[in-house]
Amino acid sequence: MTHRDSEGPVCSLKFVTLLVALSPEFLFLGAGLQLQDSGYDGLLIAVNPQVSEDQNLIPNIKEMITEASFYLFNATKRRVFFRNVKILIPATWKASNYSKVKQESYEKANVIVTDWYGARGDDPYTLQYRGCGKEGKYIHFTSEFLLNDGLIAGYGSRGRVFVHEWAHFRWGVFDEYNNDKPFYINGQGQIEVTRCSSDIAGIFVCEKGPCPQENCIISKIFQEGCMFIYNSTQNATSSIMFMQSLSSVVEFCNASTHNQEAPNPQNQMCSLRSVWDVIKGSDDFSNSLPMSGTELPPPPTFSLVQAGDRVVCLVLDVSSKMAEAGRLLQLQQAAEFYLMQIVEIHTFVGIASFHSKGEIRAQLHQINNSDDRKLLVSHLPVTASAEAETSVCSGLKKGFEVVEKLNGKAFGSVMILVTSGDDDHITNCFLTALSSGSTIHTIALGSSTVKNLEELSRLTGGLKFFVPDKSNSNSMIDAFSRISSGTGDIFQQPIQLESTGENVKPQHQLKNTVIVDDSVGNDTTFLVTWQTSGPPEVVLFDPNGRKYSMDDFITNLAFRTARLWIPGTAKPGLWTYTLNNTHHSPQALKVTVTSRASRPAMPPATVEAFVERDSTHFPHPLMIYAIVRKGFHPILNATVTATIEPETADPVMLKLFDDGAGADVIKNDGIYSRYFFSFAVNGRYSLKVHVNRSPSISTLAHSIPGSHAMYVPGYITNGNIQMNAPRKSVGRSEEEQKWGFSRVSSGGSFSVLGVPADPHPDVFPPCKIIDLEAVKEEEEVVLSWTAPGEDLDQGQANSYEIRVSKSLQKIQDDFSNAILVNTSKLNPQQAGTKEIFKFSSELFTNRPEHQPDGEAQKSHKIYMAIRAVDRNSLKSAVSNIVQASLLILPNSSPVLARDDLILKGVLTAVGIIGIICLTIVVTHCVLNRKKRAGKKENETKLL
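Residues numbered from 1 in each chain as written. Predicted model: local features only at pLDDT ≥ 70, side-chain atom pairs only at ≥ 80, totals over all residues. Heavy atoms only, no water.

- Taking an unreviewed UniProt entry as the reference, the protein is identified by name as Calcium-activated chloride channel regulator 2 belonging to Muntiacus reevesi.
- Annotation of the protein in UniProt includes, under Sequence similarities (unreviewed entry), the sentence "Belongs to the CLCR family." (UniProt positions renumbered as here; feature names shortened; annotations may be inferred.)

Shown next as structure tokens:
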């Protein structure tokens, strides 16, 4: 790393230290959720604008968090609690004595409350998109869950449920139950219910009441109508990640209570580690100690904040740097489109510009109609200054002056800062920006932009974008299109359907189609931009064949844009456009299409793209994510493609997958993921994601694997079965998509450092296999998994290393010395392909193996794991561990556990006694009959 590379982080550290020294309260401004002296500060709970106002909702939220704070404090052995909580009230609710928002917004919330039901019904859940020990995206509650006390019987108290979800969200642990695998065969060949701890007791229940286990499990298949019902009164104290609803459960499973054999997500995702072990390894716990004494912490304090008028100020660089590489033209085109189409109605908008000094170009003006939008466009800069010097702080100062004229402060306002210049003094206004209460989104143009520009976004919770100096890049318009009000109201926000650009030769065409599906269509706009003075010929056909030409477009020759607005609701189906370059030289032609939701009752399909972190250092890869869904229903089988544009090299196209392999943690959850490691140069990279879905059926997920609180169907209380109301589920598995859909979204930018200038050796091993599964078929064990690549999840690995042990501890701690399986005939396939491998379990039934100290020699199970090896002998991490039984069970019936054996023995004894009694009775009757018959015969002879 060069001195310049390391300068930014060092300066940032000095800056934060200075802030804390000046005023400790600045530590929590813009920083989001923080842990300080065992207390969490800045927890943000946001209510969606679609949620109807209810006088009980906010009190119930407060009660939930207060209960959760004390429950969490005890569960973590006096380590953490909730100190300060903010609740964001939607602007759609009546104004009350709420504080005004500063940098809080719905999109930044740790917890969201909506009226939208996902595939999980009212299940509280946490969106986890990364692996074990990694923080999630948010916790989701429905308003019904928070208001309907009738649901408490099934989920447990709301405070306990919150702690269950908090562990998902904050510490990256997973559920310890598995509805898809409700039972398993343990190492002693006994049937066990999937639970943690295994001390939690209950009975099998059939449709007509309690029943023997063998009636519920036949040939290893859990029979329909059967369930395992737990006793309402237990002695077990764990685990919160299994069944937080039990009153006795007050702890997370630890090393002594953890059930490593249970086939649950926690064991699969965290390599058989206990929940408590993962939590103890988190940053929260490594930097804190248990509180001394016996006193409880104070209850949380709550502040209610509400957004007021939406206020935006464009802060635009007009230095001479903007005259280079067509930057000013790109800015004009994107800013015009933002003002005319993207920014929501009733927003107050102002404009400031800067070079070495700042200037106010337009005071705040509220957008109520098209004329207001046009007026603001007229104030956009037309030419760049001759001055090369840029002063970002001067521009921001003018921006703050603009927004403060509305209410005296900049609280809740948004700055869109666009610059291409360097500025050695940008840190001078970091403190002002942080304390302003404004959110700053930054857009960097070209490779000469000040290196720590993005620190303004990080400090204030804003987005950050990068626009490369490439004529055919549409990144500037994509960035402006991505910036919304942040209210969470998807029905009001613009949705990008198309974004493309090409360098087109003279008399050649750019031709393509865009899908307008029936969930969008309102306020649909087609934007065409070009480079030279003469516009291209444009022909557009709607799905019914109606033709639009350039005469139908509104043209701005100065900014070289043409815009067509479709009145009413655009017809769903395929729209076809053709752009013909009539100019005598090649030029970049670009097309952008946006729309809004067509009906308030039907949320449109959306895509949210982002990267794992803001920056990386070679050779550490980044993970790219795209959440594709309709409301909260994940959309499956979409084609998701990421376009990554570096500062100088060619763009990289990368297909993302939702297959539960490689970078993708959970299959079919609507989160498409991929590793990115094709680093060509140092510097900033821009990310954009395209999503396409062909016309089909079954686009929406029905049952989503993931992290959500268990709904308990009922309990055994005083020997009686007490069933809860049936769990609400509104999941849909089929929805016809006559036209399919297309979406585009910017994923912002990230930075890469340390990329070597010269060719470098192979440094990327195959990625870890995370979906290994094992099935016993007679004498064979069948393993299946998704093939990794030569480099992470790309290419084709060279070989596999599969090892087996009768000891769980051995394969977990000493994989290299476990028994090696012969895989000489197993040739790895292309990354993403399903692999299947069979081997005979007889080879390991009687094979001697050294056991770790203290571990029993006798075991009826084998444990298996795998890793991949590339051509340069680089090895992946060891996969998740799977298990298989060595027992050959008669008639495929599993061996029963001790309690069930006793039950079966009693039933058998009763049956035998019954048969003996019946035999005695029958024999007695037969003998009596013969005796009577003999007596009659003797009487006849005497006569």
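**Quick word on the overall build of the protein**
Now for step 1: Check the secondary structure of the protein and you find 18 helices and 51 strands.
Now for step 2: Looking at the 943 residues of the protein, the share that counts as buried comes to 54%.
Now for step 3: Of the contacts made within the protein by residues no fewer than 6 positions apart, 76% connect residues no fewer than 24 positions apart. (Helix = DSSP H or I, 4+ residues; strand = E, 2+ residues; numbered from the N terminus. Buried < 20%, exposed > 50% of the residue type's maximum accessible area, 1.4 Å probe, protein only. Contact = heavy atoms within 4.5 Å.)

**Observations concerning the environment of K738**
Now for step 1: Looking at the secondary structure, you find K738 in the loop between β43 (720-723) and β44 (741-753).
Now for step 2: For K738, a relative accessible area of 57% corresponds to the exposed category.
Now for step 3: For the pair K738 and P695, spaced 43 residues apart in the sequence, the C-alpha separation amounts to 5.1 Å.

**Notes on the nonpolar core**
Now for step 1: Within the largest apolar cluster, 73 residues are counted, with the highest numbers of intra-cluster contacts made by F162, W166, W171 and F252.
Now for step 2: Take this core: its biggest share by element is nine residues, from helix α2 (residues 57-75).
Now for step 3: With sequence-adjacent residues up to four places away left out, F162 is seen in contact with L43, M64, I65, A68, F82, V111, I139 and F141. (Core = buried A, V, L, I, M, F, W, Y, C linked by side-chain atoms within 4.5 Å.)

**Here we look at the pairing of strand β12 (residues 202-206)**
Now for step 1: One ladder, built from four bridges, connects β12 with strand β16 (residues 227-231); its direction is antiparallel. Within β16, the position partnered with F204 by the bridge is F228.
Now for step 2: Where β12 meets strand β13 (residues 209-210), two bridges bridge the pair, whose relative direction is antiparallel. Across the sheet, C206 pairs through a bridge with G209, a residue of β13. (Pairing = 2+ DSSP bridges.)

**Topic: the state of the cysteines**
Now for step 1: In this structure the tally under the stated criterion is three disulfides.
Now for step 2: Put simply, C132 and C270 are joined by a disulfide, and their sulfur atoms are 2.1 Å apart. With the S-S dihedral at roughly 105 degrees, the linkage between C132 and C270 falls on the right-handed side. In this pair, C132 is assigned in the loop between β8 (125-127) and β9 (138-142) and C270 in the loop between α8 (265-269) and α9 (275-280), connecting sequence segments 138 residues apart.
Now for step 3: Sulfur-sulfur distance for the disulfide between C393 and C429 comes to 2.3 Å. (Disulfide = S-S within 2.5 Å.)

**Notes on the sheet that holds strand β40 (residues 683-693)**
Now for step 1: The five strands are arranged β34-β44-β40-β37-β38 in an open sheet whose pairing can be described as mixed. If you trace the sheet from one side to the other, it starts and ends with β34 (615-617) and β38 (652-656), each paired once. Strand-to-strand twist across the sheet, computed as the mean angle between neighbouring axes with direction ignored, equals 30 degrees.
Now for step 2: The pairing of strand β37 (residues 639-646) with β38 spans five bridges and is antiparallel. Bridge assignment links V640 to a residue of β38, and that residue is L656. (Axes fitted to C-alpha atoms, helices over the stretch in contact; angles between N-to-C directions.)

**What about unusual backbone geometry?**
Now for step 1: Each neighbour pair has its own omega, and for S238 with S239 the value is 25 degrees, a cis peptide bond.
Now for step 2: When you line up the elements, S239 lands in the loop between β16 and α7 (240-243).
Now for step 3: In this chain, F618 is followed by P619 through a cis amide linkage whose omega measures 10 degrees.
Now for step 4: Structurally, the position occupied by P619 is in the loop between β34 and β35 (622-630).
Now for step 5: Of note, the phi angle at L272 is positive, near 70 degrees, even though the residue is not glycine.
Now for step 6: If you trace the backbone, L272 turns up in the loop between α8 and α9.

**Quick word on the packing of aromatic side chains**
Now for step 1: Enumeration over the complete set of coordinates arrives at 33 aromatic pairs.
Now for step 2: In this structure an aromatic cluster arises from ring pairing among Y40, F82, F141, F145, Y155, F162, W166, F169 and Y711.
Now for step 3: Residue placement shows K77 over the ring face of W276; its charged tip is 4.9 Å from the ring centre.
Now for step 4: Lying over the aromatic face of F815, R803 brings its terminal NZ or CZ to 6.0 Å of the ring centre. (Phe/Tyr/Trp six-rings, centres within 6.5 Å; stacked < 30°, edge-to-face > 60°. Lys NZ or Arg CZ within 6 Å of the ring centre and 35° of its normal.)

**Considering the side chain of E612**
Now for step 1: Considering the arrangement of structural elements, one finds E612 in the loop between β33 (605-611) and β34.
Now for step 2: Since its relative accessible area comes to 14%, E612 is described here as buried.
Now for step 3: Apart from the residues within four sequence positions on either side, E612 is in contact with R130, K134, P621, L622, M623 and Y625.

**What about the packing of helix α11 (residues 327-342) against helix α16 (residues 475-482)?**
Now for step 1: Where α11 contacts α16, the two axes come as close as 9 Å, and the packing angle between them is 30 degrees. Considered as vectors, α11 and α16 are oriented roughly parallel to each other. Seen along the crossing, α11 lies across α16 with a hand that is right-handed. Residue-level inspection shows Q330, L331, A334, A335, F337, Y338 and I342 of α11 in contact with α16, the latter providing M476, I477, F480 and S481.
Now for step 2: Each residue belonging to the contact of α11 with α16 can be placed in one class, and the counts come to nine nonpolar, two polar and no charged. (Parallel < 35°, antiparallel > 145°, perpendicular 65-115°, else oblique. Left-handed = near helix turned anticlockwise from the far one by under 90°. Nonpolar A, V, L, I, M, F, W, Y, C, P; charged D, E, K, R; others polar.)

**Some thoughts on the pattern of salt bridges**
Now for step 1: This model, assessed by the stated rule, comprises 27 salt bridges.
Now for step 2: Taking the shortest distance from any N to any O, the salt bridge between R867 and E801 comes out at 2.8 Å. On the criterion of sequence distance, the pair formed by R867 in strand β50 (residues 861-869) and E801 in strand β47 (residues 799-805) is long-range, its members being 66 residues apart. Comparing R867 with E801, the two get one shared label, buried.
Now for step 3: One salt bridge in this structure joins E801 and K875, with 3.7 Å as the shortest N-O distance. Taken together, the residues span a long stretch of sequence, with E801 in strand β47 and K875 in the loop between β50 and β51 (882-885) at a distance of 74 residues.
Now for step 4: Owing to a relative accessible area of 8%, E801 belongs among the buried residues under this scheme.
Now for step 5: Among the residues examined, K875 registers a relative accessible area of 42% and is labelled partly exposed.
Now for step 6: One salt-bridge network, held together by shared partners, links E801, R803, R867 and K875. (Salt bridge = Lys/Arg side-chain N within 4 Å of Asp/Glu carboxyl O.)

**Section: α2**
Now for step 1: Here α2 is 19 residues long and its end C-alpha atoms lie 26 Å apart, about the 27 Å a rise of 1.5 Å per residue gives.
Now for step 2: Among the residues of α2, those classed as buried are L57, I58, N60, I61, M64, I65, A68, S69, Y71, L72, F73 and A75.
Now for step 3: Looking one or two residues beyond α2, the residue adopting positive phi is K77, at roughly 60 degrees. (Expected span 1.5 Å × (residues − 1).)

**Quick word on the confidence of the model for the protein**
Now for step 1: Here the protein averages 87 in pLDDT, while 86% of its residues score no lower than 70.
Now for step 2: Contacts from residues 1-30, a stretch scored under 50 in pLDDT, to residues over four places away or in other chains number 33 contacts. (pLDDT = per-residue confidence, 0-100.)

**As for the packing of α2 against helix α5 (residues 158-171)**
Now for step 1: Two numbers describe how α2 lies on α5: the axes approach to 8 Å, and their chain directions differ by 70 degrees. Here α2 is positioned roughly perpendicular relative to α5, judged by the angle of their axes. Pair α2 / α5 crosses with right-handed handedness. Seen from α2, the contacting residues are N60, M64, I65, E67, A68, Y71 and L72; seen from α5, they are R158, G159, R160, F162, V163, W166 and W171.
Now for step 2: Its residues assigned to classes, the contact of α2 with α5 comprises nine nonpolar, two polar and three charged.

**A short note on the sheet that holds strand β20 (residues 358-366)**
Now for step 1: Ordered in space as β20-β19-β18-β21-β22-β23, the six strands form an open sheet in which the pairing is mixed. Each of the sheet's edge strands pairs with one partner strand only, and the pair in question is β20 and β23 (464-467). Here the strands of the sheet are splayed against their neighbours by 15 degrees on average, with no regard to which way each runs.
Now for step 2: Relative to strand β22 (residues 439-445), strand β21 (residues 414-419) runs parallel, the two being bridged by six bridges. Paired with M415 across the bridge in β22 is I440.

**Brief notes about the environment of A201**
Now for step 1: Here A201 shows up in the loop between β11 (191-193) and β12.
Now for step 2: Apart from residues lying up to four places away in sequence, A201 is in contact with R195, F228, Y230, N231 and Q234.

**Brief notes about the side chain of T76**
Now for step 1: Position of T76 relative to the elements: it lies in the loop between α2 and β4 (81-82).
Now for step 2: Once residues lying within four places of it in the same chain are set aside, the contact partners of T76 are W171, F252, W276 and F285.

**Some remarks on a negative patch on the surface**
Now for step 1: A surface patch of like charges, here negative, comprises E777, E778, E779, E780 and E842.
Now for step 2: Turning to its location among the elements, E779 is positioned in the loop between β45 (773-777) and β46 (780-786). (Patch = residues over 30% accessible without salt bridge, like charges linked within 9 Å, V, L, I, M, F, W, Y side chains within 5 Å. Areas by Shrake-Rupley, 256 points an atom, 1.4 Å probe, with all protein chains shown as cover. Lys, Arg positive; Asp, Glu negative; His and termini not counted. Charge placed at Lys NZ, Arg CZ, Asp CG, Glu CD.)

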